[in-house]
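Residues per chain, in single letters:
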Number of protein chains: 2
Amino acid sequence: MTRQKATHTQRTPLNRDRVLRAAVALADATGIDTLSMRRLAQELDVVPMALYKHVANKEELLDGMADAVVGEIDPPAAGPDWQRVVRGRILSARRVLLRHPWAARVIESRTGPTPAVLAYLDSMAGSFREGGLSADLTHHVMHAMGSRLLGFSQELFDTSGPAGPPDPGLAARYPHIAELAATAAHDGGSTVNGGCDDQFEFEFALDLLLDGFERLRRQGWTSTRKA
Amino acid sequence: MTRQKATHTQRTPLNRDRVLRAAVALADATGIDTLSMRRLAQELDVVPMALYKHVANKEELLDGMADAVVGEIDPPAAGPDWQRVVRGRILSARRVLLRHPWAARVIESRTGPTPAVLAYLDSMAGSFREGGLSADLTHHVMHAMGSRLLGFSQELFDTSGPAGPPDPGLAARYPHIAELAATAAHDGGSTVNGGCDDQFEFEFALDLLLDGFERLRRQGWTSTRKA
DNA sequence: CTTGACGAGTGTACGCCGTACACCTATGGT
DNA sequence: ACCATAGGTGTACGGCGTACACTCGTCAAG
């Protein structure tokens, strides 16, 4: 047992896990760009340099945060329909990313894949293989999915913001975009922001890809590029 | 004409364009994370604060850099086949991004779309519309393409690095990934790194999507989500 | 010719960042 | 009783973005 003097009620000692979880919580609360070693240390009631006993540097902290987030993704469901298995898991990954809006950028900024990401990708590859896709096809399919495997929406700009007032001259300068915005606006219903239902757009793209893959599998597609 | 004293051979004065081009060149040469206002000023033989007469702050500098890069993309070719038009333009965008490897990250980090990006997307939307896609379908198609419209590869991690030595335990821990790597390795030919031909992977995904869109167009697809 | 506004470049300074390095101190095995 | 070690501290350095006050050359108006 650990004795402790009542004099200054010593804190439970830090460890890598507490550091990582505090970092994730801080990023969730205040965003990733205001996350600094100093602010994180303050949150943990500790002097900045204390963190360096548990993570080598900030990059490794971010690595750990990425792995923690990826670890939140549900394990693959069992089932004979590979499209359902993959689809469900990717939607789980997407839910995780919606919980941690900073995570996509952090994961993308890692120079190499972290262990949890590798494990996830390996498991994903397994799902494709069990679904009957050849190793060849699985390889290209995983590249084609890219970051969408991890639930990235891959939208060009984040539509979740306040979006500001619509520029009055926009319609004149960008007529086609204006047209699309108009059609999106008047079909009402579950639209969330700017007339776009992010979840619908995500699933639309996802299903389009999965259907394409299944079609290739059925026709025995094989990579024709070779020596 | 502007007189100039021979005493200290005054420099041609800065302007926003020279600043932006120097910034792009510096990022090309040394990478985006070593690009600082101070280093850029040094490159221009000027004191750091001088830059702020031409750009409001670093974010605006990055905006300008993004726009400069997007402006390098070829204009759309004319032609009756919308898939060829769109495909060619996206491959041009990809070539631009390969020239400026930092650009994808910069563009993604802009909070909103910059004017050049808006113009590009508008023109892209026009190509889809002229190809016979409905406004509804065009809208969802553009979302489904996401950043790929601008030539982003959307790979999860950058394979262009040195890739290091293959972890000997990797095959045991990640058997499916090992299998994919093996099949990619022994089909020789134009493989560039790690057994993957980035250009092939990009076009594979691109064509899969374009074919899917064309199929939807032919069958008169329409968004079924509505009030 | 004088003047005074103005645009472009300067110099100094502030607060924040990541982190190297030396130090302290309580803990627990021998 | 000893001391190695792990965890927390304090100080300091160099780099960053940029606010603010300045200088100085140019040029139009009086």
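Everything numeric in this text was worked out from a predicted model, so none of it was measured.

Novice: Outline the relation of the copies chain B and chain A, supporting the account with residue identities and numerical values.
Specialist: Mapping one chain copy onto the other needs a rotation about an axis and a shift along that axis. With an axial shift of 0.0 Å and an RMSD of 0.0 Å, the rotation relating chain B to chain A amounts to 180°. Such a turn and shift between the copies fits a two-fold axis.

Novice: I'd love a proper account of the protein's contact with DNA strand C, names of residues and values included.
Specialist: Around DNA strand C, the structure places 19 residues, and the nearest of them are Met 37, Arg 38 and Lys 58 of chain A together with Lys 53 and His 54 of chain B. In the environment of DNA strand C, a phosphate oxygen lies 2.8 Å from a nitrogen or oxygen atom belonging to the side chain of Lys 58 of chain A. Interatomic distance of 2.9 Å between a backbone N/O atom of Val 47 of chain B and a phosphate oxygen of DNA strand C. The element best represented in the surface near DNA strand C is helix H2 (residues 37–43) of chain A, accounting for 3 residues. Each residue belonging to the surface near DNA strand C can be placed in one class, and the counts come to 9 nonpolar, 3 polar and 7 charged.

Novice: So what's going on with the packing of aromatic side chains? Which residues, and what values?
Specialist: Applying the stated criterion to the full structure yields 6 aromatic pairs over all chains. Ring geometry for Trp 221 of chain A against Phe 204 of chain B: centres 5.1 Å apart, planes inclined by 55°, an arrangement best described as tilted. Pair noted here: Trp 221 of chain A is in the segment after helix H10 (198–218) and Phe 204 of chain B is in helix H10 (residues 198–218), and the two residues belong to different chains. Members of the aromatic cluster, joined through ring pairs, are Phe 200 and Phe 204 of chain A together with Trp 221 of chain B. Positioned above the aromatic ring of Phe 202 of chain A, the side-chain terminus of Arg 148 of chain A is 6.0 Å from the ring centre. It is Arg 94 of chain B that lies over the ring of Phe 202 of chain B; its NZ or CZ is 4.9 Å from the centre.

Novice: Hey, could you go over the interface of chain B and chain A for me, with residue numbers and the actual values?
Specialist: Facing 63 residues of chain B, the contacting portion of chain A comprises 63 residues. For the pair chain B and chain A, the summed buried surface comes to about 5,600 Å²; carbon and sulfur atoms form 64% of the total. Applying the counting criterion to the chain B and chain A interface returns 2 salt bridges. For the salt bridge of Arg 129 of chain B with Glu 179 of chain A, the shortest nitrogen-to-oxygen distance reads 2.6 Å. Our count for the contact surface shared by chain B and chain A stands at 15 residue pairs in polar contact (both at pLDDT 80 or more). Elements with a contribution of two residues or more to the side of chain B that touches chain A: helix H5 (103–109), helix H6 (115–130), helix H7 (135–145), helix H9 (175–185) and H10 of chain B. Counted by class, the side of chain B that touches chain A contains 31 nonpolar, 17 polar and 15 charged residues.

Novice: Hey, could you go over a nonpolar patch on the surface for me, with residue numbers and the actual values?
Specialist: All names here are of chain A. Together, Val 47, Met 49 and Tyr 52 line one region of the surface with nonpolar side chains, adding up to about 310 Å² of accessible area. Here Tyr 52 lies in the loop between H2 and helix H3 (58–70). Assessed through its relative accessible area of 33%, Tyr 52 is described here as partly exposed.

So, how was this worked out
- Residues numbered from 1 in each chain as written.
- Chains lettered and ligands numbered in written order.
- Predicted model: local features only at pLDDT ≥ 70, side-chain atom pairs only at ≥ 80, totals over all residues.
- Heavy atoms only, no water.
- Least-squares fit on C-alpha atoms with pLDDT ≥ 70 in both.
- Near = heavy atom within 4 Å.
- Polar contact = N/O pair within 3.5 Å; in protein donor to acceptor, adjacent residues only side chain to side chain.
- Helix = DSSP H or I, 4+ residues; strand = E, 2+ residues; numbered from the N terminus.
- Nonpolar A, V, L, I, M, F, W, Y, C, P; charged D, E, K, R; others polar.
- Phe/Tyr/Trp six-rings, centres within 6.5 Å; stacked < 30°, edge-to-face > 60°.
- Lys NZ or Arg CZ within 6 Å of the ring centre and 35° of its normal.
- Contact = heavy atoms within 4.5 Å.
- Buried area = accessible area lost by both parts, 1.4 Å probe.
- Salt bridge = Lys/Arg side-chain N within 4 Å of Asp/Glu carboxyl O.
- Patch = residues over 30% accessible without salt bridge, like charges linked within 9 Å, V, L, I, M, F, W, Y side chains within 5 Å.
- Areas by Shrake-Rupley, 256 points an atom, 1.4 Å probe, with all protein chains shown as cover.
- Buried < 20%, exposed > 50% of the residue type's maximum accessible area, 1.4 Å probe, protein only.

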